[in-house]
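Results of the structural survey
These are the residues of each chain, in order.
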Amino acid sequence: MSDNKLKQTPSQTIGPFFSYALTPEQSDYNFKSIVSPEMITPETPGEHIHICGSIFDGNGDVIKDAMIEIWQADDQGHYLDRDTPPSSEVFTGFGRCDAEVNSGFYFNTVKPGSIGVGHAPHINMIVFMRGMLTHAYTRVYFSDEMKANEKDEVFVSVPADRRKSIIAIRNEDNGKVTYQFDLRMQGDNETVFFDV
Amino acid sequence: MSDNNIDKRDWQTHPPYVHLDYKSTTFRGPQKPLIPIKHSLSELSVPAFGQGQMHEHDNDLTINGRVDGEPIGERIIVSGRVLDEYSRPQSGILLEIWQANAAGRYIHKADQHDAPIDPNFLGGGRCVTDENGHYKFTTIKPGAYPWGNHYNAWRPIHIHFSLFGMSLASRLITQMYFPGDPLLKLDPIYNSTPDVKARERMVSSLSMDTGIADIALGYEFDIVLRGLSATPMEQ
């Protein structure tokens, strides 16, 4: 470690009033969005899925002034390369949702493939909200991938009794695949957050 | 893939999840210990954002919200560099900013503060850093505003910044403050960093070189993100 290493800039809360800048079109402000929860077109390869959830505070009340971001591989397990800037033509794997609009979050995306041996399919999630000074990282694993989950190094590093908090529950209805993934910020069933 | 190949989050710099002086953290901040994670491509990658995604005037907040005239208030230039901990410029980094108007009112529908909305000011902007890590915004100096944390609580004037670094792990949302603001010492959000010195890194400095003479004062604000380690990786 060098002596003249710079120090990190501290994190601060996103606050309650971010949406006209960060999620303007979702929230009906007159400003263009550059990311959204609609991550796919009908042509995007892979299984199209809908992920949704609510966010609960330590009292069990629903939190609305929050923003959720996800970052994931495509159906083949490939992350978008930095040399390929996001555009409407490619699946970028990055989504952002304002939880105020729907009293929760959702993403329309594809189910990711495994990024390699020892990695179960998963989505990386970041949680920002008023009342949180530093963002929190979690991962979304899939209820129909339990065999792969149990061979995933990160998944098995989580104490067994807490693993269910990071498993999205699959539901199929008329061919539409939905995964439910609620976030609990505190309490006995507090969601697992990682020191990324 | 070895671990520790991006520098750790500095928990003396970043505020804790529960900081009782900021009351809303009480029931929102996670309380169980974070689980250590061995980094893989999941944490070490992130999308790039390009100039191609920017729209005209995205980085000029004195123009991008105009309806029928100029926004009211003191025009300022906010600029700086995005670096990693090893002083390497971070190019191609997306910065998004948002702020209150000169009267201390956000355009957000939920802001109920009894101060005027400026019909010609949105308060949101974005840009991408150049090859030297530089960014620049033209905006209006925001006003202070009251909030409900405690009796007669007022936020120091600030601009919110959101940044993507070179990896998911370097994601950062912070706030830029202004030098000499007497509200800083009273603000539980500003004062939430464990290391007292860390807070000062969020205060911009007045610069007579980065403004526009006779048009706008300049404030400089450099931001340091977690960087890929320059030391050999442990196997």
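Structure: above.
Just so we're clear, the structure is a prediction, and the values are computed from it rather than from any experiment. (Residues numbered from 1 in each chain as written. Chains lettered and ligands numbered in written order. Predicted model: local features only at pLDDT ≥ 70, side-chain atom pairs only at ≥ 80, totals over all residues. Heavy atoms only, no water.)

Some words on the sheet that holds strand 4 (residues 124-128) of chain B
Two modes of strand pairing occur in sheets, parallel and antiparallel, and in both the strands are linked by backbone hydrogen bonds. Residue and element names in this part refer to chain B. What the four strands build is an open sheet, ordered 4-3-8-9; its pairing is antiparallel. In this open sheet, the two edge strands, each paired with only one partner strand, are strand 4 and strand 9 (172-177). Averaged over all pairs of adjacent strands, the angle between strand axes in this sheet comes to 20°, irrespective of strand direction. Bridging between strand 3 (residues 94-98) and strand 8 (residues 158-163) involves four bridges; their strand directions are antiparallel. The residue bridging Trp 98 from the neighbouring strand is His 160, located in strand 8. (Pairing = 2+ DSSP bridges. Helix = DSSP H or I, 4+ residues; strand = E, 2+ residues; numbered from the N terminus. Axes fitted to C-alpha atoms, helices over the stretch in contact; angles between N-to-C directions.)

Points about the packing of aromatic side chains
What the rule picks out here adds up to 18 aromatic pairs over all chains. Ring geometry for A:Phe17 and B:Tyr106: centres 4.9 Å apart, planes at 45°, overall tilted. Of the two residues, A:Phe17 sits in the segment before helix 1 (19-22) while B:Tyr106 sits in the loop between strand 3 and strand 4, which places them in two different chains. Judged by its relative accessible area of 13%, A:Phe17 is buried. Ring plane angle 80° and centroid distance 4.9 Å describe the contact between B:Phe178 and B:Tyr219, whose orientation is recorded as edge-to-face. In this pair, B:Phe178 is assigned in the loop between strand 9 and helix 2 (196-200) and B:Tyr219 in strand 11 (residues 216-220), connecting sequence segments 41 residues apart. Taken together through their ring pairs, the aromatic side chains of B:Tyr135, B:Phe137, B:Phe161 and B:Phe221 make up a single cluster. Over the ring of B:Phe164 we find B:Arg171; its NZ or CZ atom is 4.0 Å from the centre of that ring. (Phe/Tyr/Trp six-rings, centres within 6.5 Å; stacked < 30°, edge-to-face > 60°. Buried < 20%, exposed > 50% of the residue type's maximum accessible area, 1.4 Å probe, protein only. Lys NZ or Arg CZ within 6 Å of the ring centre and 35° of its normal.)

Things to note about the side chain of B:His113
One can find B:His113 in the loop between strand 3 and strand 4. Excluding its chain neighbours within four sequence positions, the residues that come into contact with B:His113 are B:Ala103, B:Gly104, B:Arg105, B:Tyr145 and B:Pro146. (Contact = heavy atoms within 4.5 Å.)

Re the interface of chain A and chain B
The interface of chain A with chain B comprises 73 residues on the first partner and 94 residues on the second. Between chain A and chain B, roughly 7,300 Å² of surface is buried when both sides are summed, and carbon and sulfur atoms account for 58% of that area. When residues of chain A are sorted by the area they lose upon contact with chain B, A:Gln8, A:Gln12 and A:Arg82 head the list and together hold 12% of the total. Where chain A touches chain B, the interface holds seven salt bridges. Close ionic contact of A:Arg96 with B:Glu96 constitutes a salt bridge, the shortest N to O distance being 2.9 Å. Where chain A meets chain B, there are 45 residue pairs in polar contact (both at pLDDT 80 or more). Where the side of chain A that touches chain B is concerned, the elements lending two or more residues are helix 1, strand 3 (66-71), strand 4 (94-98), strand 6 (123-129), strand 7 (136-142), helix 4 (153-156) and strand 11 (194-195) of chain A. (Buried area = accessible area lost by both parts, 1.4 Å probe. Salt bridge = Lys/Arg side-chain N within 4 Å of Asp/Glu carboxyl O. Polar contact = N/O pair within 3.5 Å; in protein donor to acceptor, adjacent residues only side chain to side chain.)

Digging into the pattern of salt bridges
Considering all chains together, one arrives at 21 salt bridges over all chains under this definition. A:Lys5 is the salt-bridge partner of B:Asp7, the closest N and O atoms lying 3.4 Å from each other. Residue B:Asp7 is located in the segment before strand 1 (35-36), and its partner A:Lys5 is located in the segment before helix 1; the two belong to separate chains. For the pair B:Asp7 and A:Lys5, a shared accessibility class is recorded, and that class is buried. One salt bridge in this structure joins B:Arg105 and B:Asp111, with 4.0 Å as the shortest N-O distance.

Some thoughts on the nonpolar core
Residues A:Ile55, A:Phe105, A:Phe181, A:Phe194 and B:Trp98 are the most contacted members of the largest nonpolar core, which totals 79 residues. When residues in this core are grouped by element, the largest group, six residues, is from strand 6 of chain A. When neighbours within four sequence positions are excluded, A:Ile55 is seen to be in contact with A:Asp61, A:Val62, A:Ile63, A:Ala66, A:Ile68, A:Ala99, A:Phe105, A:Met129, A:Leu183 and A:Met185. (Core = buried A, V, L, I, M, F, W, Y, C linked by side-chain atoms within 4.5 Å.)

A closer look at the environment of A:His78
Residues and elements named next belong to chain A. Along the chain, His 78 falls in the loop between strand 3 and strand 4. Accessibility expressed as a relative area gives 51% for His 78, which makes it exposed. Remark: the alpha-carbon pair of His 78 and Gly 104, spanning 26 residues in sequence, is separated by 28 Å.

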